[in-house]
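# Fold and contact review
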Amino acid sequence: MTEYKTETHAHTSEISPCGRMTAEELITRYSKALYDTIIITDHFSLYPPFMKSNKTWKEKVDHFFTGYELAKVSGKKLGITVLPGLEISFDGAKEDYLVYG
């Protein structure tokens, strides 16, 4: 049986205020730890400042995927599969939900 090391909940500092590493740093670190797959689940809510801006919805969505896109480029160089996801919360709710795909 083949085994895979997968991180299912990673934030990039480009997008999530709680992210401590850039997408490139994150992928490099996981590569050294021999991970095969990383799912970038940056915060998609009113938490990041850019979501409160006067930008259009398309601009906000495009910006949201910046961390994922940068991680994907680094992953390709280092042989790690990088997949999109998001962490979402709703107004007035304390829970966060991870969404994959």
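Residues numbered from 1 in each chain as written. Predicted model: local features only at pLDDT ≥ 70, side-chain atom pairs only at ≥ 80, totals over all residues. Heavy atoms only, no water.

## Observations concerning the packing of aromatic side chains
The criterion, for reference: Here a Phe, Tyr or Trp ring, Trp counted by its six-membered ring, pairs with any other such ring whose centre lies within 6.5 Å, and the pair is stacked when the planes are under 30 degrees apart, edge-to-face when over 60, and tilted otherwise. Secondary structure elements follow DSSP: runs of H or I no shorter than four residues count as helices, runs of E no shorter than two count as strands, and numbering proceeds from the N terminus. Burial status follows relative accessibility: with a 1.4 Å probe on protein chains alone, a residue under 20% of its type maximum counts as buried, one over 50% as exposed, and anything between as partly exposed.
On inspection of all chains with the given rule, the structure shows 6 aromatic pairs. For the ring pair Phe44 and Trp57, a centre distance of 5.7 Å and an interplane angle of 80° mean the geometry is edge-to-face. Taken together, the positions of Phe44 in the loop between strand E2 (37–40) and helix H2 (57–64) and Trp57 in helix H2 put the pair 13 residues apart, joining distant regions of the chain. In this structure Trp57 comes out as exposed when scored by relative accessible area, which is 54%. For the ring pair Phe64 and Phe65, a centre distance of 5.0 Å and an interplane angle of 80° mean the geometry is edge-to-face. Taken together, Phe44, Trp57, Phe64, Phe65 and Tyr68 form an aromatic cluster joined through their ring pairs.

## As for the sheet that holds strand E3 (residues 81–89)
The strands that make up a sheet pair up through hydrogen bonds in the backbone, lying either parallel or antiparallel. Worth spelling out the cut-off: Here, strands pair whenever DSSP counts at least two bridges between them. Lines fitted to C-alpha atoms define the axes here, with helix axes fitted over just the stretch in contact, and angles between the N-to-C directions of these axes take values from 0 to 180 degrees. By the convention used here, residues are in contact when the closest approach between their heavy atoms is within 4.5 Å.
What the 4 strands build is an open sheet, ordered E1-E2-E3-E4; its pairing is mixed. Of all strands in the sheet, those bounded by a partner on one side alone are strand E1 (6–10) and strand E4 (96–100). Direction aside, the axes of adjacent strands within the sheet are offset by 25° on average. Bridge analysis of E3 against E4 gives 5 bridges, and the strand direction is antiparallel. Bridging across to E4, Gly85 finds its partner in Tyr100. The strands that helix H3 (residues 66–78) touches are E2 and E3; relative to E3, the one it contacts most, it runs at about 160°.

## Comments concerning unusual backbone geometry
In the Ramachandran plot, Leu34 falls in the positive-phi region, its phi being about 65° despite a non-glycine side chain. Examined against the element boundaries, Leu34 turns out to sit in the loop between helix H1 (23–32) and E2. With relative accessibility at 64%, the residue Leu34 sits in the exposed group.

## Some thoughts on H3
Applied cut-off: Here a helix's expected span is defined as the number of its residues, less one, multiplied by 1.5 Å. What the arc measures is the spread of directions leading from the helix axis to the C-beta atoms.
In this model H3 runs 19 Å from its N-terminal to its C-terminal C-alpha over 13 residues, within 8% of the 18 Å that 1.5 Å per residue would give. Looking at H3, one finds that the buried residues are Gly67, Tyr68, Ala71, Ser74 and Gly75. Along the long axis of H3, the arc covered by the buried residues comes to 130°, so they all point the same way. Turned more than 90 degrees away from the buried face of H3 sit Lys76 and Lys77, all of them exposed.

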